[in-house]
Amino acid sequence: MASSLSGKLKLPARVLAEIRRFVENQDMSKPQIKISPGSSNGDNFSGDVFRVIAVPENGVVPEDFLADRSISQREMHLFVKLAPTSELRRSLYKTAFYFEREKYMYEVVLPRYDQFQRHYLPKDEVFNHYPQLLMADLTTNQEFLVLNDLKREGYFSPYRAHPLSMHQCRLVLATLAKFHAISYAFKDQQPKEFSQLTSKLVETMFIEPISEDMTHFLQKKIEYGLRTLPDDNETIYLKAHLRRFGDSFGANMASCVGVKNYGVICHGDTWISNLVFRFKNNKEYEMKLLDWQMSRHTTPILDLSYFIFCCTDEILRIHLPQLLNEYYDNLIRRIDELGSSGIEMYPKNIFEEHCQKYMKYGLGLALMTLHAVTCKSTEIPNVTEVLENQNLEKLDEISDFLVTKPAYIKRMSGVIRDAVRFGYI
């Protein structure tokens, strides 16, 4: 490992050399480089992330380069994603596959979608709600991606444990509608090319037959969910619905990801740590989507359900039917703007049918992730160290502890109640 010129954190020597070469090619010779953590404990499991600042040789490296400040020198702000090297983490999180998929999305799918939109939309209307990939290397056990750092551009990550507000929720759904609309118009006008693009997006998480290890893992999540419901007559029917869903947990999830009719290219990982917002006049006015490594070809309902059930609370979901209708209206409008007929490409009755059949996917993801979403980063040991030490028993201990926290119990029980109330399970 080789350290940066400034700062205690380290990057692998080859990664630091590539960053230095990139910066120098941008006419910044002999740059000073400083590294800082790129996320909080519990935000990233599949890799390690860092923020990097480069300033000229005679420049000043700020103590806190993420703080709001006036800048009187040239600076480059980068975001670095490193693949883990431990066999356990690489196996659990399918490292090689997901780094390859994210690179594919940034280098192939998103640029092609950008090009397609520009035939119909002015530049400021084009969907570009994602960071720019600056360099990537997929050498086995040494994978890394370098992107522009959106935080320096004014984007912030909401507090992970807090559910999003109605305004934030509407902003996310409107952004997803813009993204999903591209697939429908592109598929309509370029069907062969759309088929080629999606042929690379094979499913890897929920594949039948579901393995014994995965089945055991999912059943434990059902047990966690059941514990959030009190033992009284009012919750008997909730538990019955959840158990029925759990009896075929893996098959239920596989049935959702396998939908291709009326399908789009989905982001695939719409949890709160992958959403960043930018303010204008003390109000969020724009958001972007991070981490495209789990993108898949399936119904857009999966992006919506994951987001709705893992990033909002029971109070906000009172308005779920209204929010879904707003998403649909935005989707149809944007498909029309892109030169195709939205109603023909995704009829309202099909959308409603998909919601009824596949919103359960969000329940499944909530069961799998909400204990990590609702916890504070200080409440758990360093997750990266636990994984690097290949301590699966410790991971189970962490999960067993987190599901006892009031925040998890409140959010998870609310998800179960809503999944039943809306008829999704």
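Structure: above.
Residues numbered from 1 in each chain as written. Predicted model: local features only at pLDDT ≥ 70, side-chain atom pairs only at ≥ 80, totals over all residues. Heavy atoms only, no water.

What about the overall build of the chain?
Okay, step 1: Across its full length, the chain carries 16 helices and 12 strands.
Okay, step 2: Taken over C-alpha atoms, the radius of gyration comes to 22 Å for the chain, in line with the 22 Å a tight globule of 425 residues would show.
Okay, step 3: With the C-alpha coordinates aligned to their principal axes, the bounding extent of the chain is approximately 70 × 55 × 45 Å.
Okay, step 4: Once local pairs closer than 6 in sequence are excluded, the contacts in the chain between residues at least 24 apart make up 77%.
Okay, step 5: Here the chain displays about 19,100 Å² of accessible surface, and carbon together with sulfur accounts for 49% of that area.
Okay, step 6: Of the side-chain charges in the chain, 52 are positive and 54 negative, and the distance between the mean point of each set is 2 Å. (Helix = DSSP H or I, 4+ residues; strand = E, 2+ residues; numbered from the N terminus. Rg over C-alpha atoms; globule rule 2.2 N^0.38 Å. Contact = heavy atoms within 4.5 Å. Areas by Shrake-Rupley, 256 points an atom, 1.4 Å probe, with all protein chains shown as cover. Lys, Arg positive; Asp, Glu negative; His and termini not counted. Charge placed at Lys NZ, Arg CZ, Asp CG, Glu CD.)

Some details on the packing of aromatic side chains
The geometry of an aromatic ring pair is captured by two quantities: the separation of the ring centres and the angle between the planes.
Okay, step 1: Overall, the coordinates contain 21 aromatic pairs when judged by the stated rule.
Okay, step 2: Ring centres of Phe97 and Tyr98 lie 5.2 Å apart, and the angle between their planes is 80°; on these two criteria the pair is classed as edge-to-face.
Okay, step 3: Seen in terms of ring centroids, Tyr130 and Trp292 are 6.2 Å apart; in terms of plane orientation they differ by 85°. Their pairing is edge-to-face. Of this pair, Tyr130 sits in the loop between helix H3 (95-117) and strand S6 (133-137) while Trp292 sits in the loop between strand S11 (283-289) and strand S12 (296-298); the two residues are 162 residues apart in sequence, bridging distant segments of the chain. (Phe/Tyr/Trp six-rings, centres within 6.5 Å; stacked < 30°, edge-to-face > 60°.)

Description of the environment of Gly362
Okay, step 1: With respect to the helices and strands, Gly362 occurs in helix H13 (residues 360-373).
Okay, step 2: The class for Gly362 is buried, based on a relative accessible area of 0%.
Okay, step 3: Gly362 sits 86 residues away from Val276 along the chain, and the two C-alpha atoms are 20 Å apart. (Buried < 20%, exposed > 50% of the residue type's maximum accessible area, 1.4 Å probe, protein only.)

Re H3
Okay, step 1: With 23 residues, H3 should reach 33 Å at 1.5 Å per residue; the first-to-last C-alpha distance of 31 Å fits that figure.
Okay, step 2: Roughly 40° is the biggest bend found in H3, and it falls at Met105. (Expected span 1.5 Å × (residues − 1). Bend = angle between axes of the 7 residues up to and from the residue.)

Considering the pattern of salt bridges
Okay, step 1: Inspection of the entire model under this criterion finds 21 salt bridges.
Okay, step 2: Note that Arg118 and Asp114 form a salt bridge whose closest N and O atoms lie 2.7 Å from each other.
Okay, step 3: Each member of the salt-bridge network shares a partner with another, and the members are Lys81, Glu102 and Asp291. (Salt bridge = Lys/Arg side-chain N within 4 Å of Asp/Glu carboxyl O.)

Thoughts on the sheet that holds strand S8 (residues 155-156)
Okay, step 1: One open sheet accounts for 3 strands, arranged S8-S10-S11; its pairing is antiparallel. For this open sheet the edge positions go to S8 and S11, each flanked by a neighbour on one side alone.
Okay, step 2: By the bridge criterion, 6 bridges tie strand S10 (residues 275-280) to S11 in an arrangement that is antiparallel. Residue pairing for S11: Leu275 is matched across the bridge by Leu289.
Okay, step 3: Along the sheet, helix H4 (residues 166-189) makes contact with S8, S10 and S11, crossing S11 at roughly 40°. (Pairing = 2+ DSSP bridges. Axes fitted to C-alpha atoms, helices over the stretch in contact; angles between N-to-C directions.)

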